[in-house]
Each structure stands twice: as C-alpha cells, then as structure tokens.
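Close look at the chain arrangement
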Amino acid sequence: MPALSTSHHLLIPFAGRSSPACREALTGLRLPKLESLLSRLALVHEDTQDESTLSPPHERALAAALGIEAADGQIPWAALEAKQAGLSPTSDGDSWGIATLCHWQVGIDDVVLGDPAAIRIDAAESGALLAAARPFFEEDGIALHATPTPGRWLAQGQVFDGLATASIDRAIGYPISQWSPLADGARSLRRLQNEMQMLLYTERVNDERTARGVPPINSFWLSGTGRLPPSFGDARPTVADALRAPALRDDAAAWTAAWGEVDAGPVAELLAVYTEGADVAITLCGDRGARRFGVQQRGLARWAKSLFQRESAPAVLEAL
C-alpha cells in the first residue's frame, strides 16, 4: 500500500482492546469529538488479521503510512531509528534490532514478560549494563548502541536480516512461550539471551535494585528487526499513545480516562482542522485490526451510502 499523502493523519494505537475489562468498558465510552469526526469521514482502508500476528495493527498501520512494506515481525523499526540517529552501517550490512531490558516474572507454570516501562530503569543502570553486555554481543558479531531511552539499545548485525520477532506490545503480560522472541533458526541469539540472563543475575545493578524493592532486570526482549527498504516516505502521522499503558494493564478506568483525554485533545484538534477545510485521516487500531477514515468523496450518492452505513464510535472500536 502506498504511503499516505494526507497532511493531517492521527493514528491511535489500542483504540480498541479485546482484554476483558477494556472490552466491557467500550459500551460506556462517550467520545463526542470522535463521534462527530467519524460522522464526517468515510472508511477508506481496513486491515484485519488474527491476534497471532507478530506485528500488531498499529505497527502495521504506521509502517503503511511511511510506505514501508515488510513481512510479519520484520518491520525494521530499529533500522529506521538508526538511520534517523545517523548511525552508519558496519561491514556486516544495515540490519538492526531493538534490545529492550526487561523483567521476566517467573511463576509456577510459566514465565511472563513484564512491561519495561514499569520497572524504572535509569540512565546510570542502563549504561552499566550496556558496558557489561557489549562484549557478549560483540562475540556474536552484534554491535550495541545506546539510545536516549534508558534500557533500550539498538543492536546491529547480519543475524537480524530476515529475522521475524514479536513486537513487545504483543508480548507484555503474556507467557514468554506464547510470543517467543527468537526464531528456531536463531540459535546463537537464544544462547546469547541465556548468557545475558546469567550475567544480569550477577550484576551489582540488580543487587541495588533488589535492595530498593524494585524488580531486577533479568533479560531482554528483541524486536523491530530487519533491514530498511531502499526508499520509503517520511510523512509520519501523529501517534496518540496515551491508551497504550492502561490497555496493556487491562485497566478499564484508566483506559476510559485516557480515551477522554485523547478525544478532547488530538481528536478535537483533528476535527478543528477538518472544519477549516484540511484533508485529514484518522486510523483507529485494536488487537486484531486497524481502520482508517478519510475525507469522503464528493457526490450525493456516495454521501448517502456512507451515511446509511455509518457506525457509532463504540461499534467501530469494538470491531478492532
């Protein structure tokens, strides 16, 4: 699908959520600005898959908006970030991945991936662990680069070319076995992950974290792997990500409150520029799919058809 030319495009991840509490909250959502905007726009594109895809709908929609075509689990977010940061490719090529430090919650029956944002990794901890981890990665031909976000590193190496990995947004809160981050063919990366788990267990950083009563950093999650295509667009949409954290926790009250803020903020702003005559689009994303709405084509027959087929905002969100 070609990149959008729309100058005002709002993308909302986790606008719909199939987890129990958030799904129940859908029927009670009151989103007047979204309702008003959808009444003026038409459905122009729909992407519906099952919930087993490694790349969630909001990542597929963002990639499409940028004109990036990639296989499932191979949207090259790390390579894009490296390019934007001015990092040069090595002799091994320009294949990248994102290594996110995290806490694996060990239970009786399974191991669950916790949200990295909830374990509060600071810059000093991230730097100390990067220095300790770098030699292990380099032995496998992988170069590590720090990012402005503590606990999140860019990893560069040939092993990431063609490697499919699950988005961390798919895996948070679920057993590791359900969203195995590494393909069976990437045995060197599985070994590296085991080595890192043993290394992290002995690091002073984790001793200090345990003493403070915060979860230890005991592994990393690999995602965003792949190689950038030769050309792609730069018309990046505005992403309203306030729904992400409460959706991943299945916190219906916080998710509902966040929706209210998004409706009164970014959605209201998009509605305002639409009323001024701007070409606008809004993409609503859930667990299964994404639906993009844009300015309706002119013509009485088309207008009448879109009016007859129009759905309420909760009904649109429930279908995502």
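Each remark here, short or long, concerns the structure printed above.
Bear in mind the structure is a predicted one, so any value in this text is a computation, not a measurement. (Residues numbered from 1 in each chain as written. Predicted model: local features only at pLDDT ≥ 70, side-chain atom pairs only at ≥ 80, totals over all residues. Heavy atoms only, no water.)

**Observations concerning the nonpolar core**
Core analysis: the biggest nonpolar cluster contains 43 residues, and Ile12, Trp259, Ile282 and Leu284 have the highest contact counts within it. At the level of secondary structure, the elements contributing two or more residues to this core comprise β1 (8-12), α1 (20-26), α2 (32-38), α6 (168-171), α9 (244-249), α10 (252-275), β10 (280-285) and α12 (313-318). Per-element accounting of this core gives the leading share, eight residues, to α10. Ile119, Leu163, Leu192 and Ile217 belong to the second largest nonpolar core, which has 25 residues in total. (Core = buried A, V, L, I, M, F, W, Y, C linked by side-chain atoms within 4.5 Å. Buried < 20%, exposed > 50% of the residue type's maximum accessible area, 1.4 Å probe, protein only. Helix = DSSP H or I, 4+ residues; strand = E, 2+ residues; numbered from the N terminus.)

**Things to note about helix α5 (residues 123-139)**
Residues lying three or four places apart along an α-helix face the same way, a consequence of the helix completing one turn every 3.6 residues. In a regular helix each residue adds 1.5 Å, so 17 residues correspond to 24 Å; α5 covers 25 Å between its end C-alpha atoms and thus fits that length. At Ala133, α5 shows its maximal kink, close to 35°; a proline, Pro135, follows between one and four residues later. The set of residues buried in α5 consists of Glu125, Ser126, Leu129, Leu130, Ala132, Ala133 and Phe137. A side-chain oxygen of the first residue of α5 lies 3.2 Å from the backbone nitrogen of Ala124; this N-cap is Asp122. (Expected span 1.5 Å × (residues − 1). Bend = angle between axes of the 7 residues up to and from the residue. Polar contact = N/O pair within 3.5 Å; in protein donor to acceptor, adjacent residues only side chain to side chain.)

**Focus: the pairing of strand β8 (residues 219-227)**
The element β8 is extensively covered by neighbouring structure, given that eight of its nine residues are classed as buried. Relative to β8, strand β3 (residues 95-102) runs antiparallel, the two sharing seven bridges. Bridge pairing in β8 links Ile98 to Ser223. (Pairing = 2+ DSSP bridges.)

**Remarks on the sheet that holds strand β2 (residues 41-48)**
Strand pairing in a sheet relies on backbone hydrogen bonds. The paired strands run either parallel or antiparallel. Taking strand neighbours across the sheet as the criterion, the five strands line up as β2-β11-β10-β1-β9 in an open arrangement whose pairing is mixed. Pairing within the sheet leaves two strands with one partner each, and these edge strands are β2 and β9 (238-239). Pairing of β1 with β9 involves two bridges; the strand directions are parallel. Residue pairing across strands places Leu11 opposite Val239, the latter belonging to β9.

**Comments concerning the layout of surface pockets**
The computed volume of the largest pocket comes to approximately 1000 Å³. Taken together, 32 residues line the largest pocket, and the ones lying closest to its centre are Glu59, Arg152, Ile168, Asp169 and Arg244. Of the residues forming the lining of the largest pocket, the biggest block, four residues, is contributed by helix α4 (residues 77-84). Partitioning the lining of the largest pocket into residue classes produces 15 nonpolar, eight polar and nine charged. (1 Å grid on protein atoms, 1.4 Å probe; cavity = no way out; pocket = protein on both sides within 12 Å on 5 of 7 lines; lining within 4 Å. Points joined across faces, edges and corners; volume = space filled by probe spheres on them. Nonpolar A, V, L, I, M, F, W, Y, C, P; charged D, E, K, R; others polar.)

**Overview of the environment of Ala245**
One can find Ala245 in helix α9. For Ala245 and Leu129, which are 116 residues apart along the polypeptide, the C-alpha to C-alpha distance reads 25 Å.

**Looking at the side chain of Asp287**
By the element assignment, Asp287 lies in the loop between β10 and β11 (289-295). Of the residues examined, Asp287 reaches a relative accessible area of 5% and is grouped as buried. In terms of polar contacts, Asp287 uses its side chain to reach the side chain of Arg17, at 2.8 Å. A polar atom in the side chain of Asp287 sits 2.7 Å from the side chain of Ser18. In this structure, Asp287 is in contact with Phe14, Gly16, Arg17, Ser18, Ser19, Glu51, Pro57, Arg170 and Leu320, ignoring residues within four places of it in sequence. (Contact = heavy atoms within 4.5 Å.)

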